[in-house]
Amino acid sequence: MKGLAEVVQGEDDIARKCRTMYKLVREYQASFTSLEKCRKPVICCIHSACVGAGSSLICSADIRYCTSDAYFQVKEVDIGLAADVGALQRLPRIIGNESLVRELAFTGREMYADEAAKNGLVSRVFPDKQSMLEAAIHIAQQIAEKSPVAVQGTKLHLNYSRDHSVDDALEYQATWNMSLLQSEDLAKSAMAHIGKTKAEFSDY
């Protein structure tokens, strides 16, 4: 916010201010989108307040957990601006309820953990921070045991499918798999499953 305020209060011509402002906002947006573009799954844990930019940030994560005392607010409307780093773009796709998203964004009201879970913003609610972190670490360990080719490919295709038609996404999947099905990870996974052992995979 300090950087934006300096631009607004500066003495540059309005056209140059606008260009600088645009670049700053896009940089902020890219920093939030980096979670989404990270090849590995991102697990987000929320306790207590998740307000404004925090609500935009968690929308870029793959898995979201929270504690029972957590609450979420798209609060930018209360300080005179429209949220600009992802909440308005990602939240409708996450919870799938346009009316609810607009209510949250227009009023800046608090959405508490039970409502967040009911509407799909988080997948699990925990009684306290410690149990939430333990669950997140456990699920991270489970994911880490899988083939990195499979996990990273799954994230890539989930994101691609969200932004494209089913037919386009299937075409992209087929193009991807014509190469990646030849990975050694497929044979390793199959042999481990047959032998009831744990497969070990190379870095990817």
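Refer to the preceding data block for the structure.
If you're wondering where the values come from, they're calculated on a predicted model, not measured in any experiment.

## Quick look at the packing of aromatic side chains
Taken as a whole and assessed by the stated rule, the structure comprises three aromatic pairs. Judged by centre distance (5.7 Å) and plane angle (50°), the ring pair of Tyr71 and Tyr112 falls under tilted. Taken as a pair, Tyr71 in strand 4 (residues 71-73) and Tyr112 in strand 5 (residues 111-112) lie far apart in primary sequence, 41 residues in all. Judged by relative accessible area, Tyr112 falls into the partly exposed class, the value being 41%. Taking 4.1 Å as the distance between ring centres and 25° as the angle between the ring planes, the aromatic pair formed by Tyr160 and Tyr172 counts as stacked. Here the residue Tyr160 occupies a position in helix 8 (residues 148-163), and Tyr172 occupies one in helix 9 (residues 166-180), the gap between them amounting to twelve residues.

## Looking at the environment of Tyr28
Assignment of secondary structure puts Tyr28 in helix 2 (residues 14-37). With 58 residues separating them along the chain, Tyr28 and Gly86 place their C-alpha atoms 9.8 Å apart.

## As for the packing of helix 4 (residues 87-95) against helix 5 (residues 98-107)
It is at 9 Å that the axes of helix 4 and helix 5 come closest, and there the two elements cross at 140°. Judged on the interaxial angle alone, helix 5 and helix 4 are oblique. As helix 4 packs across helix 5, the resulting crossing turns out to be right-handed. Contacts between helix 4 and helix 5 involve Leu88, Leu91, Pro92 and Ile95 from the former and Glu98, Leu100, Val101, Leu104 and Ala105 from the latter. Looking at the contact of helix 4 with helix 5, its residues break down into eight nonpolar, no polar and one charged.

## A few points about the environment of Val149
Following the sequence through the fold, Val149 ends up in helix 8. For the pair Val149 and Leu180, spaced 31 residues apart in the sequence, the C-alpha separation amounts to 7.7 Å. In contact with Val149, other than residues within four places in its own chain, are Leu180, Ser183, Asp185 and Tyr204.

## Concerning the sheet that holds strand 4
Spatially, 2-4-5 is the arrangement adopted by the three strands of the open sheet, whose pairing is mixed. Looking along the sheet, the strands with just one partner apiece sit at the ends: strand 2 (49-51) and strand 5. Here strand 2 runs beside strand 4; their pairing, made up of three bridges, is parallel. Bridge pairing in strand 4 places Val51 opposite Gln73.

## Description of the nonpolar core
Proteins that are soluble and globular tend to have nonpolar side chains buried together. Ile46, Ile58, Cys66, Phe72, Leu91, Met111 and Leu121 are the most contacted members of the largest nonpolar core, which totals 24 residues. For this core, the secondary structure elements donating two or more residues are strand 1 (43-46), helix 4, helix 5 and helix 6 (113-118). Broken down by element, the residue count for this core peaks at four residues, all from helix 5. If sequence neighbours within four positions are ignored, Leu121 has contacts with Ile58, Arg64, Phe72, Leu91, Ile94, Ile95, Met111 and Ala116. Counting five residues, the second largest nonpolar core, distinct from the first, contains Tyr65, Phe126, Met132 and Ala135.

About the criteria used
Residues numbered from 1 in each chain as written. Predicted model: local features only at pLDDT ≥ 70, side-chain atom pairs only at ≥ 80, totals over all residues. Heavy atoms only, no water. Phe/Tyr/Trp six-rings, centres within 6.5 Å; stacked < 30°, edge-to-face > 60°. Helix = DSSP H or I, 4+ residues; strand = E, 2+ residues; numbered from the N terminus. Buried < 20%, exposed > 50% of the residue type's maximum accessible area, 1.4 Å probe, protein only. Axes fitted to C-alpha atoms, helices over the stretch in contact; angles between N-to-C directions. Parallel < 35°, antiparallel > 145°, perpendicular 65-115°, else oblique. Left-handed = near helix turned anticlockwise from the far one by under 90°. Contact = heavy atoms within 4.5 Å. Nonpolar A, V, L, I, M, F, W, Y, C, P; charged D, E, K, R; others polar. Pairing = 2+ DSSP bridges. Core = buried A, V, L, I, M, F, W, Y, C linked by side-chain atoms within 4.5 Å.

The analysis is restricted to geometry; functional conclusions fall outside its scope.
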